[in-house]
Amino acid sequence: MLILAASAAACMRVQARTPAPAPGLNMPPAPAPIVTPVVLEPPAPEPEPTPVSSTTNPTRDPVPPPARPPRPAPSTPPPPVATPPTEPTTPPSTLQTTPDANATENRTNATLNTAEQNLNRVVRDRLGQEARAQYDNAVGLIRMSKTYLKLKNYMYAEQLADKAAAVALLLIKY
């Protein structure tokens with residue numbers, strides 16, 4: 001019974017507890033305006049009027065235009081000194097990016113041979129339009145790879161040969 005009386009007393013005081021309102025934000029005062037001094041050039045002195053001669057028309061007095069400062073003369077660069085061209089005695093060496101360029105070249109040639117063999121197994125005329133485009137792409141990749149082998153760019157040639165081999169392998173399955 002005591003519990004019932006205590007719970008009934010609690011129900012009588014139902015009141016929502018809300019948090020206290022947040023204090024408003026105080027805005028700082030605006031900064032003072034920045035005043036920059038302006039330097040004005042003094043006005044140019046006016047030229048003295050010339051005496052009017054008896055032969056000129058007194059109603060019209062021509063005013064001479066204001067004097068301009070002379071422009072600086074453009075500087076001319078000195079003529080280039082002619083030096084005799086020197087021809088290199090030896091061609092510059094090719095930068096090798098891999099420690100064993102021969103191994104990379106051999107791998108690339110093997111990959112190219114495999115790609116060419118796979119493409120030779122495919123009959124281009126029996127392929128669909130998209131597959132023909134991929135066939136032509138593989139032929140182009142092989143040609144580019146051979147070009148880069150001649151230029152001794154073995155890393156790029158190897159990447160192109162790998163792509164050509166992958167496309168050729170997919171065309172066989174097609």
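Residues numbered from 1 in each chain as written. Predicted model: local features only at pLDDT ≥ 70, side-chain atom pairs only at ≥ 80, totals over all residues. Heavy atoms only, no water.

What to know about the overall build of the chain
No. 1: Of regular secondary structure, the chain possesses four helices and zero strands.
No. 2: Reading the secondary structure of the chain in the N-to-C direction produces α-α-α-α.
No. 3: By residue count, 17% of the 174 residues in the chain fall in the buried class.
No. 4: Of the contacts formed within the chain by residues at least 6 apart in sequence, a portion of 67% connects residues at least 24 apart.
No. 5: As presented, the chain carries roughly 16,200 Å² of accessible surface, and 61% of it is formed by carbon and sulfur atoms. (Helix = DSSP H or I, 4+ residues; strand = E, 2+ residues; numbered from the N terminus. Buried < 20%, exposed > 50% of the residue type's maximum accessible area, 1.4 Å probe, protein only. Contact = heavy atoms within 4.5 Å. Areas by Shrake-Rupley, 256 points an atom, 1.4 Å probe, with all protein chains shown as cover.)

Structural notes on the packing of helix α3 (residues 129-150) against helix α4 (residues 154-173)
No. 1: At a closest axis distance of 8 Å, the pairing of α3 and α4 adopts a crossing angle of 155 degrees. Overall, the two elements α3 and α4 adopt an arrangement that is roughly antiparallel. The handedness of the crossing between α3 and α4 comes out as left-handed. Contacts between α3 and α4 involve Ala131, Gln134, Tyr135, Ala138, Leu141, Ile142, Met144, Ser145, Tyr148 and Leu149 from the first element and Tyr154, Tyr156, Ala157, Leu160, Ala161, Lys163, Ala164, Val167 and Leu171 from the second.
No. 2: Of the residues that constitute the contact of α3 with α4, the class distribution is 16 nonpolar, two polar and one charged. (Axes fitted to C-alpha atoms, helices over the stretch in contact; angles between N-to-C directions. Parallel < 35°, antiparallel > 145°, perpendicular 65-115°, else oblique. Left-handed = near helix turned anticlockwise from the far one by under 90°. Nonpolar A, V, L, I, M, F, W, Y, C, P; charged D, E, K, R; others polar.)

Here's the deal with the pattern of salt bridges
No. 1: Under the definition given, this model contains three salt bridges.
No. 2: We note a salt bridge from Arg107 to Glu158, for which the minimum N-O separation is 3.0 Å. Here Glu158 lies in helix α4 and Arg107 lies in helix α2 (residues 101-121), a separation of 51 residues in the sequence.
No. 3: Here Arg107 falls in the partly exposed class, since its relative accessible area comes to 44%.
No. 4: Among the residues examined, Glu158 registers a relative accessible area of 16% and is labelled buried.
No. 5: With a shortest N-O distance of 2.8 Å, Asp136 and Arg124 are connected by a salt bridge. On the criterion of sequence distance, the pair formed by Asp136 in helix α3 and Arg124 in the loop between α2 and α3 is long-range, its members being 12 residues apart.
No. 6: On the basis of relative accessible area, Arg124 is assigned to the partly exposed category, the value being 31%. (Salt bridge = Lys/Arg side-chain N within 4 Å of Asp/Glu carboxyl O.)

Here we look at α2
The α-helix advances 3.6 residues per turn, and as a result positions three or four apart in sequence lie on the same side.
No. 1: Look at α2: 31 Å from first C-alpha to last across 21 residues, which is about the 30 Å you get at 1.5 Å a residue.
No. 2: Buried within α2 are the following residues: Ala101, Thr104, Thr108, Thr111, Leu112, Ala115, Asn118 and Leu119. One side of α2 holds all its buried residues, which, seen down the axis, span an arc of 125 degrees. The outward face of α2, more than 90 degrees from its buried face, is lined by the exposed residues Asn102, Asn106, Gln117, Asn120 and Arg121. (Expected span 1.5 Å × (residues − 1). Arc of directions from axis to C-beta.)

Overview of the confidence of the model for the chain
No. 1: When the pLDDT values of the chain are averaged, the result is 79; 64% of them are 70 or greater.
No. 2: Mean pLDDT across the secondary structure elements of the chain bottoms out at helix α1 (residues 2-12), with 59, and peaks at α3, with 95. (pLDDT = per-residue confidence, 0-100.)

Focus: the nonpolar core
No. 1: Of all hydrophobic cores here, the largest spans 21 residues; its most connected members are Leu119, Leu127, Tyr135, Ile142 and Leu171.
No. 2: When contributions to this core are tallied by element, the ones reaching two or more residues are α2, α3 and α4.
No. 3: Among the elements that line this core, the one with the most residues is α4, at nine residues.
No. 4: Setting aside anything within four residues of it in sequence, one finds Leu171 in contact with Leu119, Val122, Leu127, Ala131, Gln134 and Tyr135. (Core = buried A, V, L, I, M, F, W, Y, C linked by side-chain atoms within 4.5 Å.)

Some remarks on the packing of aromatic side chains
No. 1: Scanning the entire structure with this criterion turns up one aromatic pair.
No. 2: Judged by centre distance (4.7 Å) and plane angle (90 degrees), the ring pair of Tyr148 and Tyr156 falls under edge-to-face.
No. 3: Taking relative accessible area as the criterion, Tyr156 reaches 33% and is therefore assigned partly exposed. (Phe/Tyr/Trp six-rings, centres within 6.5 Å; stacked < 30°, edge-to-face > 60°.)

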